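Tertiary structure, described
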Amino acid sequence: MKLLARTTFIFLLYASVVAVAGTFVYYEVIHRLYYAYVDRTLGRRKQRVELALRQELRTPADLAFWHRIDHNVEFVPLGGTPAATPGPNIFQDRLMFNTLTGKNQYYRQVAGTEAFQGKSYRLEVRTSLLDGPALLGGIVLAEAVLFGVLLGGMLLIQHVLARHYWRPFYRTLGTLQQYQLDQHHAPVLAPTNIPEFKALNAAIGRVLGRHQRLYQRQREFAENAAHELQTPLAILRTKLDLLVQAPGLTEEQASHIEPLLAVTQRLTHLSRSLLLLTHLDQQLYFATETVDLAAVVHTQLGQLAEQLASGQLALETDLVPSLRVSANRSLVDILVSNLLSNAIRHNVPCGRLRVVLTAQQLLVENTGRPQALPADQLFARLRPRPDRLPGSVGLGLPIARQICETSGFLLSYHYEEPGRHQLRVRIS
Amino acid sequence: MKLLLVEDEPDLLASLVSYLRAQHYVCEVATTFAQAQEKMLLHSYECIVLDLTLPGGDGLDLLRELQRHHPGAAVIITSARAAVGDRIAGLELGADDYLPKPFYLPELSARIAALVRRRHYQGTNLLRVGELQVDVPARRAAVGERPLTLTRTEFDLLLLLLANQGRVVTKGAIAEHLSGDAAEQFDTFENVYAHVKNLKRKLGEAGAPSYIRMVYGLGYRFDTSEA
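Report follows, based on the coordinates. Not measured: the values here are computed from a predicted model.

1. Quick look at the pairing of strand 11 (residues 420–426) of chain A
Residues and elements named next belong to chain A.
- Residues of strand 11 alternate between two faces, with His421, Leu423 and Val425 buried on one and Arg420, Gln422, Arg424 and Arg426 left unburied on the opposite face.
- Pairing analysis gives seven bridges linking strand 9 (residues 361–367) to strand 11, with the strands arranged antiparallel. Note that in strand 11 the partner of Val364 across the bridge is Leu423.
- Pairing of strand 10 (residues 410–417) with strand 11, which is carried by six bridges, proceeds in the antiparallel orientation. The residue bridging Tyr413 from the neighbouring strand is Leu423, located in strand 11.
- Linkage of strand 10 to strand 11, two consecutive antiparallel strands, is achieved through a turn of two residues, within which Gly419 is found at a positive phi near 80°.

Shown next, in the form of structure tokens:
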């Protein structure tokens, strides 16, 4: 439930409680007011009747006559001698048959004893009462209508509020949802006049800006560092190329040059990997084309035939004849090459390499140490790992993962059988 | 064969000149944008090796200008800017090849040789080295009258060695030539050993003298004179 809907809901819940309670309160108040009014009116009418009793009426027949023309005034003869003082007024509700409507209905009456010509009478003056349940029903109906108006009004107000006052908030939220750190600019948050949202946007803008700058700096640093390495490496490499041409090169000199060639090779590989990673991180545009993954796997396996043979590894393949994916060809080459190389590097002597390609995924499985590898460290960049081999640069899998991310694939590590390490690329 | 080498790094330029002169190329050099611009437009070269980051301007602009005045000039870009975008831009602007730094000199030499061959002998060029005949466009080789059946890799290897005759081509250079710079590199060179061994065996079986020699475990040299 949205925040605004939630507040509205709570508000309406409270309003409904108040409305229900209000119904009874209204009923009670109206009921009391009505009774007070009815009782006062009855009291005054009784006084008028008493006045007429003293001044106008002559015989008991007159009393009966009055009752005949006005049913709501009745003199009921009582036995015995009248008291010296008139009795107190007694108010009560009573159910009586109404000859006009032909129904029993409630009446309010006031009664008191009166003396007339030496005889005692009880004077009853009454009036028909408003129907209680009908009153309640009326109030409930009125309340329901009011509540309906309230509900409709609230929903309308909420809608307007959401559209108008909350709009900056939803805009900021939308911007944040689409935000990615590797965008070139921090997102621009729409201006607003509402102080809370203003403060929120300012705070978010500050944090984003700082992160963006940090990220940008780090990325530029990595790219520049790798880039700056290329030229010295180029000099080193070409000088070594010239050095090995030297006439009269002795075997001892050659034995010193060989490791230099090897480390130059490794440095080159490292700086190229770093450069590739920064480019992948920057999500530079990589042109996509239709690449036959099965063909790529075949080619890369062919390239690695000697490495497989030298490790005396048994290769098992189960490949679909052809699998077309839309991706950048160089990146797919690197991805497959890295996965296969990794599986060969970390294999055991006389181990196995299994490559399975289905329409959904590429699976590369190698025999290895009989325990699962920590998956989070597997893809960490340049992190020293217990299983890191001396010759390896340690960027093969991070690059593979980054390529998968760029290409819309999913790379994951699985350890389902002891000693068998699986890397899976989910293609679709 | 006249080459123009455009490179602002003096040490690197010296290496290029030294290696390529020994390959019997005539090398002219330019170290700034202005120098390169002047030489490019005034003279014509068999091949121009062009660095992209130059003092005074961007190599890509130079390339644009060159294509306006000498369309079809042979250009190999060497750049530390290995950005994919640069590579594509360079090739779209008419460069024939793109060699990211750092590169091996034998690789550059082979690329220049391939480019020059392609430009000068369209389709009909038979390379004769000692008793070896190589038809590059047809990717066929023979020793005397006996044809060699070489795999694609072995043929590529042969071309690399032929482009660098009499020079030591290191194992690393061969490995990179065979697998491309995109491939994950192994520090072991099983690939190289295996392919060289096969090539030597096939040459030997066809009756060629042992042209390919290993040099102290550093690399290999193709030499007809030593045989």
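Now that the structure has been shown, we can carry on.
2. Regarding the interface of chain A and chain B
- At the junction of the two partners, chain A supplies 40 residues and chain B supplies 37 residues.
- If you list the elements that add at least two residues to the side of chain A that touches chain B, you get helix 5 (195–243), helix 6 (251–281), helix 8 (305–310) and helix 9 (329–345) of chain A.
- At 13 residues, helix 6 of chain A tops the list of elements feeding residues into the side of chain A that touches chain B.
- Of the residues belonging to the side of chain A that touches chain B, the class tally is 13 nonpolar, 18 polar and nine charged.

3. Some words on unusual backbone geometry
- In this structure, Pro102 of chain B follows Lys101 of chain B across a cis peptide bond, with omega equal to -5°.
- With respect to the secondary-structure elements, Pro102 of chain B resides in the loop between strand 7 (97–100) and helix 5 (105–120).
- With a phi angle near 60°, Cys350 of chain A is a residue other than glycine that sits in the positive phi range.
- Relative to the helices and strands, Cys350 of chain A is located in the loop between helix 9 and strand 8 (352–357).

4. Let's talk about the sheet that holds strand 10 of chain A
Residues and elements named next belong to chain A.
- One open sheet accounts for five strands, arranged 6-8-9-11-10; its pairing is mixed. Each of the sheet's edge strands pairs with one partner strand only, and the pair in question is strand 6 (314–319) and strand 10. Pairs of neighbouring strands in the sheet enclose a mean axial angle of 15°, with direction left out of account.
- The pairing of strand 8 with strand 9 spans five bridges and is classified as antiparallel. Residue pairing across strands places Val356 opposite Leu363, the latter belonging to strand 9.
- In this fold helix 7 (residues 293–303) packs onto strand 6, strand 8 and strand 9, with an angle of close to 160° to the strand it touches most, strand 8.

Rules used in this analysis
- Residues numbered from 1 in each chain as written.
- Chains lettered and ligands numbered in written order.
- Predicted model: local features only at pLDDT ≥ 70, side-chain atom pairs only at ≥ 80, totals over all residues.
- Buried ≥ 20, exposed ≤ 12 C-beta atoms within 10 Å, placed from the backbone.
- Helix = DSSP H or I, 4+ residues; strand = E, 2+ residues; numbered from the N terminus.
- Pairing = 2+ DSSP bridges.
- Contact = placed C-beta atoms within 7 Å.
- Nonpolar A, V, L, I, M, F, W, Y, C, P; charged D, E, K, R; others polar.
- Axes fitted to C-alpha atoms, helices over the stretch in contact; angles between N-to-C directions.

Taken by themselves, the reported measurements are silent on function.
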